[in-house]
Amino acid sequence: MAYVSKKEDESGLSSYYNNKTTIIQEARVFNDSPISPRKCRALLTRIVYLLYIGETFSAQEATTLFFGTTKLFQHKDSALRQMVYLAIKELATTAEDVIMVTSSIMKDMQPNSEVIYRPNAIRALCRIIDPSMAQGVERFFKAAIVDRTPSISSAALVSSYHLFPLAKDVVKRWVNEAQEAVSAKSSSSFFPGSSGGGYLNFGSSGNSNSGYQPIPSTSYITQYHALGLLYLIRQQDRMAVTKMIQQLGGGKSGAGTTLKNSMALCMLIRYAAKVMEEDPNIQRQILDLLEGWLRHKSDMVNFEAARAICEMKNVNASQLTKPIAVLQLFLSSPKPVLKFSATRTLATLALTHPAAVASCNVDLESLITDQNRGVATYAITTLLKTGNEASVDRLMKQITGFMSEISDEFKVIIVDAIRSLCIKFPTKHVSMLAFLSGVLRDEGGYDFKRAVVEAMFDMIKFISDCKEQALSHLCEFIEDCEFTKLSVRILHLLGLEGPKAPQPTKYIRFIYNRVVLENATVRAAAVTSLAKFGVNAVDDGLRRSIGILLNRCLDDVDDEVRDRAAMYLRVMKETSLAETYVKEESVFSLAALESKLVAYVNDVDASAQPFDASSIPKISRAQLAAESTRPSTLDTIAAPATRASASPPPPTAAETQSAYVQQLADIPHFAEYGTVLNSSVKPAQLTESETEYQVTCVKHIFKEHIVFQFNVSNTLPDTVLEQVVVVMQPQADSGLTEDVVFQIDSLSCANSPGIVYVSFKRDNPQEYTTTSFQCILKFISKELDPSTGRPEEEGYEDEYQLEEVELSAGGDYIIPSYASFSSEWDRLRSGATATETFSLGAMESIKAACDSIIELLNMEPLGGTEAPSSTSVHTLQLSGLVTGGGGKVLVRCRMTFSRGQGVTLELGVRAEQENACALVVSVIGG
């Protein structure tokens, strides 16, 4: 990141002049007497430059430079003093004993010092002090925050913002000063003739030795910094933040606001949008404020308010009328930034509310020829989403004209818009496919080419009429494709779709060319694709031809290619292998497979037995694709970064189970139990959400034990719970014996939640015990001493009644697992079977019966049978795995519905084990 010219770099002058060793040697200039401000400023500039471009100094070097710099405090040159503070700030993170310079900095923070020194001194002090010293400088910071000089006040506010993570309790006490700064009350004192000592007589700079008088601030930037600090202090208190927004909002019209800085108003709008998202009950009040800000004199505030309304959850067409009108005015603005921001926001809004954005189509069409290609791109993207079928061809012609003039980033946006348009108007696939095939031949990077290929993949998937033509275009593309990843993906698709085509042989030439001409990764993918043609071939002649081509691959220089060719030659000869390795529609859940493998590797005793893959649940290839699918560029474009990163995606069931396994493995007693067979996917809530004690339960099934994990939270800040246990009483003859209980020694609001474990031994591990438990939370309650923060000596025993915990078949012993129903049903014909008929009179429809059965059994519905197409007759197909070696189990539910009698159910069960079959029947019949 160097900023030297090529000529200087070639001459070597710059590299010598800014050499670290040279600078350290020249630092002797700091010791000269008298001090030369010009030389010292030049040297300090070079030090800061080196740090800026990434150069690092050792602790000793940084310390030497740091204390050499501090000697310059004795000179009064204001420009030199500013450079001294800049160097101190940058060196403070590396140098040692930097706290020794505090007294020199504090002198410049005094109210009688030069005003130009004070902001720099405040910023440097923030970097120097440690958290324990924050209280000692509190009065200086409080005085500076309310100072009438904007530069001093802003420096104190920003420094307070940076101090907050280190000394929260101290900075929180400055809330009144921050409130005063944000209210701009000091503006009345901006006139030279005003008097007043300020806070503790530190706020007035008029009494300084220099005779300086505060200059009025026209930007009011202090409000922006003060609002940021005020929100940081109050962010955990939603009511306080809401009150702050209402106080500073200025009422429905927004005219009464005390905020005069546009950036401060924009920040307030973002805070309001966040509060509205977290608490829908105040949406109406916040919406009134946002609509008032739409009429503000600042374009920045108008746009921020309009965007906040457009991004509201569940926003309706009537609420969008005003913000869209504001954005429409921006479309005709002469300022490029307003046109860009408006088109970008409308492009995002068009994803969810195309009809509302359609009113702007006339203005957007005039922007297609805008000289700013970014504006033109967003205008066309929005028109593609809001336009009708008749306008598609005209827009496609206009797009083709300027695709060569825009960057890859904007090309991706347009391709993704066309991708969604293909699904919306499938009859226009000819022109769209022609456009995509044309841009596929153009120059472009990986992201652009991937977007085009994925658009073609969607057309193949959803528009059957264009499948053959799209496959042909992709075949031509891989002939000259420089991206290995794309070639592999296209070859995989050809292996899936090619054998189903009317003339599969026309694709084989393109695939085999990859075996001859490409790198090892692509060659291996081509071998797999060829094998799929051979396995699925109806014609024996085609199968023999594929065999000849695969035999040639046995001499390949890469071992992966040779191994694949050898395996697939064997697979083509044996039908059973082909069903398993090529035609199988299900795959292992990768997260569950990883979890089981980690547990197997970590278990010392497990190595004596081979790894058992039968207990790993399977998912369909469609589910696997859905799990790995990333949102398209079209979905993420123009999304605010704060929203995107605010809430990470929830962990999957397998990831949750993996975390539980790690927790249990850390407890030596549970490590002796062996491998966890299953854990609850979702914790069961045992208390109301408003109660002072929150308890949830997770069940862990082992081969011979069942462990109940109780997550206990104490929401009372002034109370500590000690010796926290959960007493569980199972039903009589449950077949369970209590083994061990691990209590929580001390539970406060700060360290919540804590975990109580209760373990039961299964008297007969072969049986699947189902029962319910009465649960009582017992503890010793102690009050916290407000002065010391420690619990009092005396406490009292207390207990709290919890909801019952159910140990059920579906939720605890059966895991959903995908299977090919027809082939598995036939395979299990010789296994354990059961057929029972039930009358479900309470069910009001077949859909309700399907939902109830799926929830009870916790099994995977297959083939879309969870959504009945008929209201009177339906067959539901389910698949699952029973833990503890119970094996695979399939369920066929034949249902009829008649009004007045409800649903009649014929339950057919086939399983690998008799006890698994009986378990499923008992769930419905029990």
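Details of the structure are given in the entry above.
Residues numbered from 1 in each chain as written. Predicted model: local features only at pLDDT ≥ 70, side-chain atom pairs only at ≥ 80, totals over all residues. Heavy atoms only, no water.

A.B. asks: Please set out the overall build of the protein residue by residue, giving values where relevant.
C.D. replies: Of the regular secondary structure elements, the protein holds 43 helices and 19 strands. Split into buried and exposed, the 926 residues of the protein put 49% on the buried side. Carbon together with sulfur atoms contributes 51% to the accessible area of the protein, which is approximately 45,600 Å² in total. (Helix = DSSP H or I, 4+ residues; strand = E, 2+ residues; numbered from the N terminus. Buried < 20%, exposed > 50% of the residue type's maximum accessible area, 1.4 Å probe, protein only. Areas by Shrake-Rupley, 256 points an atom, 1.4 Å probe, with all protein chains shown as cover.)

A.B. asks: Lay out the pattern of salt bridges with the relevant residues and their values.
C.D. replies: All told, the structure shown has 32 salt bridges when counted by the stated rule. For Asp 370, the salt bridge is made with Lys 339, and the minimal N-O distance between the two is 2.9 Å. With Asp 370 in the loop between helix H21 (361-366) and helix H22 (373-386) and Lys 339 in helix H19 (residues 336-349), this residue pair connects regions lying 31 residues apart in the sequence. Summarising the burial analysis for this pair, Asp 370 and Lys 339 share the class buried. (Salt bridge = Lys/Arg side-chain N within 4 Å of Asp/Glu carboxyl O.)

A.B. asks: Which residues make up the pairing of strand E6 (residues 705-714), and what values do they have?
C.D. replies: The buried fraction of E6 is high, at 10 of 10 residues. Residues His 705, Val 707, Gln 709, Asn 711 and Ser 713 line one face of E6 and the alternating positions Ile 706, Phe 708, Phe 710, Val 712 and Asn 714 line the opposite face, and both faces are buried. As paired elements, strand E5 (residues 693-701) and E6 share 9 bridges and run antiparallel to each other. When the bridges of E6 are listed, Val 695 appears paired with Val 712. (Pairing = 2+ DSSP bridges.)

A.B. asks: Go over the packing of aromatic side chains with me, naming the residues and quoting the values.
C.D. replies: Under the definition given, this model contains 18 aromatic pairs. Ring geometry for Phe 340 and Tyr 378: centres 5.4 Å apart, planes at 75 degrees, overall edge-to-face. Taken together, the positions of Phe 340 in helix H19 and Tyr 378 in helix H22 put the pair 38 residues apart, joining distant regions of the chain. The exposure class assigned to Phe 340 is partly exposed, which follows from its relative accessible area of 28%. By relative accessible area, which is 3% here, Tyr 378 ends up buried. Between the aromatic rings of Phe 670 and Tyr 757, the centroid separation amounts to 5.3 Å while the plane-to-plane angle is 75 degrees, which identifies the pairing as edge-to-face. (Phe/Tyr/Trp six-rings, centres within 6.5 Å; stacked < 30°, edge-to-face > 60°.)

A.B. asks: Describe the environment of Val 720, and please don't skip the residues or the numbers.
C.D. replies: Relative to the helices and strands, Val 720 resides in strand E7 (residues 719-730). The class for Val 720 is buried, based on a relative accessible area of 4%. Along the primary structure Val 720 and Arg 790 are separated by 70 residues, whereas in three dimensions their C-alpha atoms are 9.0 Å apart. Apart from residues lying up to four places away in sequence, Val 720 is in contact with Asn 714, Ser 746, Leu 747, Ser 748, Ile 780, Ser 781, Lys 782, Leu 784 and Pro 791. (Contact = heavy atoms within 4.5 Å.)

A.B. asks: How would you summarise the packing of helix H26 (residues 446-462) against helix H28 (residues 484-497) if you had to cite specific residues and measurements?
C.D. replies: At a minimum axis distance of 11 Å, the contact between H26 and H28 shows a crossing angle of 10 degrees. By the criterion of interaxial angle, the relationship of H26 to H28 is roughly parallel. Taken together, the residues of H28 that come into contact with H26 (itself represented by Tyr 446, Lys 449, Arg 450, Val 453, Glu 454, Phe 457 and Ile 460) are Lys 485, Leu 486, Arg 489, Ile 490, Leu 493 and Glu 497. (Axes fitted to C-alpha atoms, helices over the stretch in contact; angles between N-to-C directions. Parallel < 35°, antiparallel > 145°, perpendicular 65-115°, else oblique.)

A.B. asks: Give me helix H5 (residues 59-70): which residues, what numbers.
C.D. replies: It helps to recall that an α-helix has 3.6 residues per turn; residues three or four apart then point in one direction. With 12 residues, H5 ought to run about 16 Å at 1.5 Å a step, and its terminal C-alpha atoms sit 16 Å apart, in line with that. Listed as buried for H5 are Ala 62, Thr 63, Leu 65, Phe 66, Gly 68, Thr 69 and Thr 70. (Expected span 1.5 Å × (residues − 1).)

A.B. asks: Talk me through the nonpolar core; I want residue IDs and the actual numbers.
C.D. replies: Across soluble globular proteins, nonpolar side chains have a tendency to be buried as a group. Formed by 199 residues in total, the largest nonpolar core has its most connected members in Leu 227 and Ile 418. At 11 residues, helix H15 (residues 262-278) tops the list of elements feeding residues into this core. Those residues in contact with Ile 418, other than ones at most four positions away along the chain, are Leu 384, Met 396, Ile 399, Met 432, Phe 435 and Leu 436. Within the second largest apolar cluster, 61 residues are counted, among which are Val 726, Ile 814, Phe 897 and Val 909. (Core = buried A, V, L, I, M, F, W, Y, C linked by side-chain atoms within 4.5 Å.)

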